[in-house]
4 protein chains.
Amino acid sequence: MPSKTTSINTFCLDEDNLHEECGVFGILGHDDASALTALGLHALQHRGQESAGIVSFDKTQFHSERHMGLVGDHFTNPETLAKLPGTSALGHVRYSTTGDTVLRNVQPLFAELTVGGIAIAHNGNITNGLTLREELIANGAICQSTSDTEVVLHLIARSKQEKAPRRFVDAITQLEGAYSMVAMTRSKLIATRDKNGIRPLVYGELDGKPIFASETCALDIIGAKFVRDVKNGEVIVCELQADGSIIVTSSFPFGKKDERLCLFEYVYFARPDSVVSGRSVYTARKRMGINLAKQAPLEADVIVPVPDGGTPAAIGFSQASGIPFEYGIIRNHYVGRTFIEPSQQIRALGVKLKLSANREQIEGKRVVLIDDSIVRGTTSLKIVQMVRDAGAKEVHLRVACPMIKFSDYYGIDTPDPEKLLANQYKTLDEMRQYIGVDSLEFLLIDGLYDAICGHKRNNDKPQFTDHYFTGDYPTPLEDLKNLDKSKHNKTSLLKEAG
Amino acid sequence: MPSKTTSINTFCLDEDNLHEECGVFGILGHDDASALTALGLHALQHRGQESAGIVSFDKTQFHSERHMGLVGDHFTNPETLAKLPGTSALGHVRYSTTGDTVLRNVQPLFAELTVGGIAIAHNGNITNGLTLREELIANGAICQSTSDTEVVLHLIARSKQEKAPRRFVDAITQLEGAYSMVAMTRSKLIATRDKNGIRPLVYGELDGKPIFASETCALDIIGAKFVRDVKNGEVIVCELQADGSIIVTSSFPFGKKDERLCLFEYVYFARPDSVVSGRSVYTARKRMGINLAKQAPLEADVIVPVPDGGTPAAIGFSQASGIPFEYGIIRNHYVGRTFIEPSQQIRALGVKLKLSANREQIEGKRVVLIDDSIVRGTTSLKIVQMVRDAGAKEVHLRVACPMIKFSDYYGIDTPDPEKLLANQYKTLDEMRQYIGVDSLEFLLIDGLYDAICGHKRNNDKPQFTDHYFTGDYPTPLEDLKNLDKSKHNKTSLLKEAG
Amino acid sequence: MPSKTTSINTFCLDEDNLHEECGVFGILGHDDASALTALGLHALQHRGQESAGIVSFDKTQFHSERHMGLVGDHFTNPETLAKLPGTSALGHVRYSTTGDTVLRNVQPLFAELTVGGIAIAHNGNITNGLTLREELIANGAICQSTSDTEVVLHLIARSKQEKAPRRFVDAITQLEGAYSMVAMTRSKLIATRDKNGIRPLVYGELDGKPIFASETCALDIIGAKFVRDVKNGEVIVCELQADGSIIVTSSFPFGKKDERLCLFEYVYFARPDSVVSGRSVYTARKRMGINLAKQAPLEADVIVPVPDGGTPAAIGFSQASGIPFEYGIIRNHYVGRTFIEPSQQIRALGVKLKLSANREQIEGKRVVLIDDSIVRGTTSLKIVQMVRDAGAKEVHLRVACPMIKFSDYYGIDTPDPEKLLANQYKTLDEMRQYIGVDSLEFLLIDGLYDAICGHKRNNDKPQFTDHYFTGDYPTPLEDLKNLDKSKHNKTSLLKEAG
Amino acid sequence: MPSKTTSINTFCLDEDNLHEECGVFGILGHDDASALTALGLHALQHRGQESAGIVSFDKTQFHSERHMGLVGDHFTNPETLAKLPGTSALGHVRYSTTGDTVLRNVQPLFAELTVGGIAIAHNGNITNGLTLREELIANGAICQSTSDTEVVLHLIARSKQEKAPRRFVDAITQLEGAYSMVAMTRSKLIATRDKNGIRPLVYGELDGKPIFASETCALDIIGAKFVRDVKNGEVIVCELQADGSIIVTSSFPFGKKDERLCLFEYVYFARPDSVVSGRSVYTARKRMGINLAKQAPLEADVIVPVPDGGTPAAIGFSQASGIPFEYGIIRNHYVGRTFIEPSQQIRALGVKLKLSANREQIEGKRVVLIDDSIVRGTTSLKIVQMVRDAGAKEVHLRVACPMIKFSDYYGIDTPDPEKLLANQYKTLDEMRQYIGVDSLEFLLIDGLYDAICGHKRNNDKPQFTDHYFTGDYPTPLEDLKNLDKSKHNKTSLLKEAG
């Protein structure tokens, strides 16, 4: 038997990254609704790899398939899709921010109302979800999951309004926080984004049928047309008519205000080929690299991206600096779960499961590593050591976003603030020493804003949500205030596997 | 490839039997709560083979494991039991009467209340369950399952009472039908039987800790002491005190009345070694055979039970008649699911998967087959043919209960009334011809009553529930009246596997 | 967590029983070959529950499905049978006598010869198998399994004969021990029994197509006709002709001698409805009970079989003695694998998982338990205690075969001789005290012979194989002599799961 | 239900790529042998994704775990590694070139010899394997698999030599073709490469213990030291001594000759961070791009690699041409198995599951696509169309190796020659038209040789194996001559799943 059984996670790099919670996809009135939804979710897989679910409606009944694992693990099975008949479908991929990785929490969630069933898929986080949950339980609601999405479902079920869209508005009026949400009823698809529009949601069309998806890449994969972004604070209701036509109506129940999209969609979450709020993600990232090269130039022999997040910025940095871009770090595409670590000390083995140094491009060279962001810095440390072991003469690190200093409460899984690198060390030089590089620079907030929208941050009225850098939270955080109370209540919750 | 793929169910005999829906087992304050519950459920396995579930409470949290399949398939796994820590546990085995064999419906069901969690396990059927369910949905409740037990959970959650036992009484006050139910809260075990006491429930004790179980055999397997039956209409609350002692209180919220236990518990459901309402099931069945021999004597060479249900009655018949008892039909204990039927006509093959004729005990003999009951008669037909094929000179059939003519609505899965043998044929002789026997007799209702309680049926005030024989239903059947309406609503329900 | 995790095997009773290793079934030229083979194996399931395999031939290729578990677990699946096309099929069920319960050992085994493929299914044990195996390995053979059947396959493959039947005879000429074997080639089914005919094998017919099976019950289940027993030392070759007709030839390559079938087939292994070597197994067992009643009469109130093996003898004992037969012990049909034992001492819990006392038939009574055999006595002990706990006034044990004193080497899994009850205690009275009964008697060997064939044992030329009682082994035991050497070699064998 | 169920493989691009069959890894005398082997195989996963196996030896017994799927799917499980105790281990990853994807074929294969067990792991293909197999079967060998590795095992088992290393040499003397093979006995690790050294094999060291692996990346992942390549025609025997020390001996049983490594290791198979025969794979590929830019220059706006194979050449092309390198095609890392294709025509959907166009980098631009190789061209066609759909003004394709015109018989899975693009069309211009590009160029053979070794092809004595480009096969192809005969024999082979 192995003399020690320390396990090494091959997702170790991801462990020091931020995680988006969810991706959503819905389509109405299309003959291939479930298959298209499966394909759309596959394109959105980067937004959540823990579980995937699809609910369809076949003019009589709702059908649901929800599974732990990747979309391709289950929804590629013809038998699974055959269990999802009908012309409308709603899908969801999810990464859990809590330890509650159980099937009960997999979305879309469903409720039967007197007027018929309703399914909901949600991307974001309701910042008064636990508070609302307690009120509901006190009023006799039975909660099956720990998901804030179930709270929305209860609010819809308990609304005194008759029609589903009005119940839906009734429910979201009570919500605070970030949500891009799609609901499906017997004849309708209803999409909304919160007042700030923190999480993205796009409106597309295939064969004249409406689609809502978290990113444009989900439209591209099926050849659907991009119509426009769902606007912040907007509610779009698509209703399938008896003749197969679809009536689309839009409303702004809370009035209109300026959008404040989450910056991290550009920095890290969205796929590089997506266009978010009218801007190419790849181009924004490349421009972050260009601005970083301008902000913190240096003499070096080679620009090496930390795969895969750092690649567009590294190309930008290389082009702006004239220093050659090379794959000095190679990524292993066959990533399993965890490996048993052999007993003897093999430095940085965890990293090596996923990344390996390409010695000939590094040995004897002054290397500039480009990464998209640094959370705790634990992985950066190992990568730098691996690059030094491969014989680099100098190692410099350039990070394509500002220092992360604050927690997120809008659907990004962030570690405790005290574990963030930028909070563990007071000065840039201390961080540099910890990571073990010859120089370290972070892109400044104005450089980031400029890379994305061509303007500095408007400090009076910021164009984006950027609290993780600035502490400037765009909404109240009610649950946070009530946290002790709500925690107590949570302990009586039933734990159940799958 | 097999030229035909007709499948043959090895449970084919069971298919023509009646099915009990459930068995329950709960224990409070015992260090081995989950393991004992698993053992108790194993002893109650004959009451439900489709799924099994256990909920435990470890002084902080509730834990739940619910699985499709037999108790021994899952709850013998140390890892599964390790997920059920704590000193109180509630378990349930289930046979589904509907097609909805999904994990969501597996009991015990659980709800979080403001005052803490509650789990419920139920044996029986609520005859106004669908009606209550519609009212709940109209008032904003979200139902996850199609089980009537969830209705009870919602009634508890919505009760305006504060304490769990009062909420429980509040809920059951609204129920009609048959229910033997056990609920578990953070400190209590609450047991009740409906006003008529249609389904059994016994109260036992192990190491001074209270147990509730559907039958005494669940006490025997763990060496627990039988205390008494839970009475019809009684609510027993056992509360664990801080010092480990337990306070037991009993109440009769609807007053007291005479019990009317379901006769079929004696005829078919209960295990022969159980003592139900003070009477040995085996002895009752043997006396059914004795009374049958007296009622319908004949000359014959051998008494052959239809295994296993007919065995005790066959022994009684043999002893009363003096005709030797022999195993003329052998049962195959290795029963799988379904077999592909080869193409050529092999008569009675379905039966032969489970039963086979013991030719030497049958050939050239006058055979009396003893069966516990006949539902549709389809299996009897095949068994008789198999016995004739083995060379029987004469085949007589004696059935140890009366003709079944009416549907049950109290937790027994009965076919449509028009499919019952006794409704398909007008006369006993027509039935005899259909089954293909030389003579056919059913035990009369008075003989059955006498076998169980030593008295004829008191027609003014029957001692038992016997509607399947007599049409005398002990409660109103509200859902039945509302059936069309409720069916409509059911169609929008989400279907989901596992 | 359960405070102790001792596990209790629900097969605990079986653990103290003897096990037969195998059952075989083959059919040639029938359109439903695989489905019929699956059904036949289902009927033979009592001969081996660990694994099952079927090989079919579709005029071009051989196909194989081999699985751990019961026949009904896998071969009821239409997809599995669809993978076994063709008009000839050979099947096998197996109980492993060694710890090597791996898929590689599951039969039928297959080899490709220059003249085409051959599959073999074997019931018995080759007493010079390990010796032959070593010779083969020394001559460059690669053995994949630890099964003695593979040795036969190598002997066939290495035979210098050209035709498969001659190669087959070439191979079996080198074997010692017990074997009933069926081989299947592209056009033939070849069946043989060893010189003594220790294990049974019958020849049947369905729709004019030949079948070989371990017992007649496998013919009965599919409605096939019993033709005759394969004789000891006989080789029957059935060859499918181009026109669909079949030519059957019989030979006795080692000459003819008297059969010495294994007595335990009558005592315990064969199904009661089978006819073995012309004698009904059920009748033989019943007569064992009759002879036992004559040999060791007593005064008592009730005859109680130890289920299920003791039942026919108990009926015979009851009829001979006039003491009533009752089901004083009830068997739980839902037998899983193992249960966690709760911590407190619950006497005889292991037994109770499978058996339970039927108190009302036992309390205050003088009980005579009838069992088929006693191996180590450990289970008898627990059953007796359970019966005493249920209130028996006296408990007597009558065993329907002689004391077991010697190991078997012909396919029966026997414990080390020193663990046998009859070797652990010198006198009958010591055994009686150990088991805790008021009286104990074993059927004498002459009584057993008489029950089966109507004659005493012919000590000069015994009619049956009875070494476990008498030490009279019918063949040399070469491996036993070479055991140390062969054990050494065995240790280098590769262990691999399933 | 989806109206059509055409399935789309997300590995579709791979489908038009060549596949290497195997990777091997062995280590002797190390306490963490199995865990290190699992890690090494993980690094070699790109050489075979169908199955993985490890055999270990614990000084008494051999242990084996072989599974379908990725290394990370099974060998990351502590329970699996616990089943592989010992200080020596041999592992293998495999991609099947035939349809026989069954567990029986998963390596390492094992045989028990009189002198002890031996396990073999093999990368390559024996070109007289079927011929040898027939001879073996004619001489009584029983073959369990269709793998040519089993043939080697039989040759070892049948060798008249006594010692394992001599038996090994005896066996390989009879082989033709390509093989890099590692064998493990109770005390030894034996490594060899065929006379030409067609497949790579490196010799490394960790903590003083010898390791053999297909590529250096398997040494890097565990921090092992690269010692040297195993030479073509060399046999290295490492023997563990009683004191834990290891004696290493090298021999060249067939004499020495110049190496002729397979060019495709550089072009496509080996990981870019591996050093094969002293040359960095990444650098070689980048130089292919440089040479291609020199050979076929053009005016364009952007260089876009076809991920991932084309990336290093694209970087080289960009640097040599001065045209910017951009990620114009994005790869989806979450690749499952197959997806159901919706009914309506969505052009190039198969490709889009894995790749997507990054519109902003393509629209209105003159795009140069760089790919590593073209097999049938079917995927190139779809990628080009996807790039055109994204708005490219011009699309040019540059391929970093010559036209593939001949089949491989040395362990690369190639389609039938007539399906190769270079054989389907006569002229480069016809190919260009088929693929739909504005210009198409293949790197010439001399440019390829120069990129790898700095010299043109030596046509008298080529430095590498390059038959797929030139038809110049380095060994006789005996099986090919005997193909019809051997095919006939193959049809009687048993087919068995897993």
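Remember, predicted model here, so these are calculated numbers, not experimental data.

Each value, and the rule that gives it
Residues numbered from 1 in each chain as written. Chains lettered and ligands numbered in written order. Predicted model: local features only at pLDDT ≥ 70, side-chain atom pairs only at ≥ 80, totals over all residues. Heavy atoms only, no water. Pairing = 2+ DSSP bridges. Helix = DSSP H or I, 4+ residues; strand = E, 2+ residues; numbered from the N terminus. Axes fitted to C-alpha atoms, helices over the stretch in contact; angles between N-to-C directions. Contact = heavy atoms within 4.5 Å. Phe/Tyr/Trp six-rings, centres within 6.5 Å; stacked < 30°, edge-to-face > 60°. Buried < 20%, exposed > 50% of the residue type's maximum accessible area, 1.4 Å probe, protein only. Salt bridge = Lys/Arg side-chain N within 4 Å of Asp/Glu carboxyl O. pLDDT = per-residue confidence, 0-100. Parallel < 35°, antiparallel > 145°, perpendicular 65-115°, else oblique. Left-handed = near helix turned anticlockwise from the far one by under 90°. Arc of directions from axis to C-beta. Lys, Arg positive; Asp, Glu negative; His and termini not counted. Nonpolar A, V, L, I, M, F, W, Y, C, P; charged D, E, K, R; others polar. Disulfide = S-S within 2.5 Å.

A. Here's a closer look at the sheet that holds strand β23 (residues 366–371) of chain D. Residues and elements named next belong to chain D. Within the open sheet, the 4 strands sit side by side as β19-β23-β24-β26. Their pairing is parallel. Strands at the two margins of the open sheet, each flanked by one partner only, are β19 (302–305) and β26 (439–442). Geometrically, the sheet is characterised by an average inter-axis angle of 20° between neighbouring strands, direction not taken into account. Of the strand pairs in this sheet, β19 and β23 are connected by 4 bridges, and their pairing is parallel. Within β23, the position partnered with V304 by the bridge is L369. Its contacts with the sheet put helix α15 (residues 428–435) on β24 (394–399) and β26, and the angle it makes with β26 is roughly 125°.

B. The arrangement of the packing of aromatic side chains in detail. Under the criterion given, the structure shown has 58 aromatic pairs over all chains. A centroid spacing of 4.9 Å and a plane angle of 80° characterise the contact between A:F264 and A:Y468, whose relative ring orientation is edge-to-face. A residue pair is termed long-range when its members are at least 10 positions apart, and A:F264 in helix α9 (residues 264–269) and A:Y468 in helix α17 (residues 467–470) qualify at 204 residues. Here A:F264 matches A:Y468 in class, with each residue buried. Ring centres of D:Y449 and D:F464 lie 5.4 Å apart, and the angle between their planes is 70°; on these two criteria the pair is classed as edge-to-face. Here D:Y449 is found in helix α16 (residues 445–453), whereas its partner D:F464 is found in strand β27 (residues 464–465), with 15 residues between them in sequence. Look at D:Y449 and you get buried, because its relative accessible area is 0%. D:F464 sits in the buried class, given a relative accessible area of 1%. A network of ring pairs unites the aromatic residues A:F264, A:Y268, A:F269, A:Y468 and A:F469 as a single cluster.

C. Representation of the sheet that holds strand β14 (residues 235–240) of chain A. Residue and element names in this part refer to chain A. Here 6 strands make up an open sheet; going across it, the order is β7-β8-β9-β10-β14-β15 and the pairing antiparallel. In this open sheet, the two edge strands, each paired with only one partner strand, are β7 (109–113) and β15 (246–251). Each strand axis lies, on average, 20° off the axis of its neighbour in the sheet, ignoring direction. Two strands pair when backbone bridges link them, and strand β9 (residues 177–184) and strand β10 (residues 188–193) are joined in this way by 5 bridges, in the antiparallel orientation. Residue pairing across strands places M184 opposite L189, the latter belonging to β10. Across the sheet, helix α7 (residues 164–172) lies against β7, β9, β10 and β14, angled at about 20° from β10, the strand it touches most.

D. Here's a closer look at the environment of D:D460. Along the chain, the position of D:D460 falls in the loop between α16 and β27. Along the chain, D:D460 and D:E65 lie 395 residues apart, while their C-alpha atoms are 46 Å from each other.

E. How the structure looks around helix α5 (residues 129–138) of chain A. Along α5(A), the positions that sit buried rather than exposed are A:G129, A:T131, A:L132, A:R133, A:L136 and A:I137. Tucked into the core, α5(A) has its buried residues touching β8 (116–126), α6 (148–158) and α18 (478–481) of chain A together with β7 (109–113) of chain B.

F. Quick peek at the pattern of salt bridges. Tallied over the full model, the rule gives 86 salt bridges over all chains. Measuring nitrogen to oxygen at the nearest pair gives 2.9 Å for the salt bridge that ties B:R366 to B:D301. Of this pair, B:R366 sits in strand β23 (residues 366–371) while B:D301 sits in the loop between α10 (281–295) and β19 (302–305), and the two are 65 residues apart along the sequence. Across the pair D:R331 and D:D308 runs a salt bridge, and its minimum N-O distance is 2.6 Å. Of this pair, D:R331 sits in strand β20 (residues 329–331) while D:D308 sits in the loop between β19 and α11 (311–321), placing them 23 residues apart in sequence. Given a relative accessible area of 29%, D:D308 falls into the partly exposed group. Salt bridges sharing common partners tie together A:R47, A:R199, A:E215 and A:E265.

G. Looking closely at the confidence of the model for chain A. Residue and element names in this part refer to chain A. Averaged over all residues, the pLDDT of chain A is 89; the fraction at 70 or higher stands at 88%. For residues 1–14, every residue scores under 50 in pLDDT, and the model assigns this stretch 52 contacts once sequence neighbours within four places are set aside. Between residues 486–491, whose pLDDT stays under 50, and residues either more than four places distant or in other chains, the model counts 7 contacts. Under the prediction, the complex receives an ipTM of 0.90, its pTM being 0.88.

H. Highlighting the packing of α5(A) against α6(A). Residue and element names in this part refer to chain A. Viewed as axis vectors pointing N to C, α5 and α6 meet at an angle of 45°, and their least axial separation amounts to 10 Å. Between α5 and α6, the crossing angle belongs to the class labelled oblique. Like other packed secondary-structure pairs, α5 and α6 cross with a definite hand, here left-handed. Along the contact surface, α5 presents G129, L132, R133 and L136, while α6 presents V151, H154, L155 and R158.

I. Quick look at helix α7 (residues 164–172) of chain C. All names here are of chain C. Taken together, the buried positions of α7 are A164, P165, R167, F168, A171 and I172. Down the axis, α7 shows its buried residues gathered within 160° of arc, on one side only. Contacts made by the buried residues of α7 are with β7 (109–113), α6 (148–158), β9 (177–184), β10 (188–193) and β14 (235–240).

J. Main features of the side chain of B:N128. Here B:N128 shows up in the loop between β8 (116–126) and α5 (129–138). In this view, B:N128 contacts B:Q174, B:L175, B:E176, B:E478 and B:D479; residues no more than four positions away in its chain are not counted.

K. Region of the structure containing the side chain of A:K209. All names here are of chain A. Along the chain, the position of K209 falls in strand β12 (residues 209–213). Buried charge without a partner: K209 forms no salt bridge, and the closest opposite charge is D31, 7.4 Å away. Look past the residues within four positions of K209 in its chain and what remains in contact with it is L28, G29, H30, G204, G244 and I246.

L. View of the packing of α10(B) against helix α11 (residues 311–321) of chain B. All names here are of chain B. Interhelical geometry of α10 versus α11 gives an angle of 45° and a closest axis separation of 7 Å. Regarding the angle of α10 to α11, the classification is oblique. Between α10 and α11 lies a crossing of right-handed hand. The segment α10 lies against α11, with Y282, R285, K286, G289, I290, L292 and A293 engaging P312, A313, I315, G316, F317, Q319 and A320. By residue class, the composition of the contact of α10 with α11 is 9 nonpolar, 3 polar and 2 charged.

M. Highlighting unusual backbone geometry. The amide bond that connects A:Q107 to the next residue, A:P108, takes the cis arrangement and shows omega of -5°. Looking at where A:P108 falls in the secondary structure, it is placed in the loop between β6 (88–94) and β7. A cis amide bond links C:P307 with the next residue in sequence, C:D308, at an omega value of -15°. You will see that B:K59, though not glycine, has its phi angle at about 75°, which is positive. The backbone phi angle of D:S277 is positive, close to 50°, even though this residue is not glycine.

N. Highlighting the state of the cysteines. Considering all chains together, one arrives at 0 disulfides over all chains under this definition. The thiol sulfur of A:C238 is not disulfide-bonded, and the nearest other cysteine sulfur, from A:C217, lies at 20 Å. Exposure remark for A:C238: the relative accessible area of 0% places this residue in the buried category. Take D:C401: it sits in no disulfide, and the sulfur closest to it among the cysteines is that of D:C262, at 11 Å.

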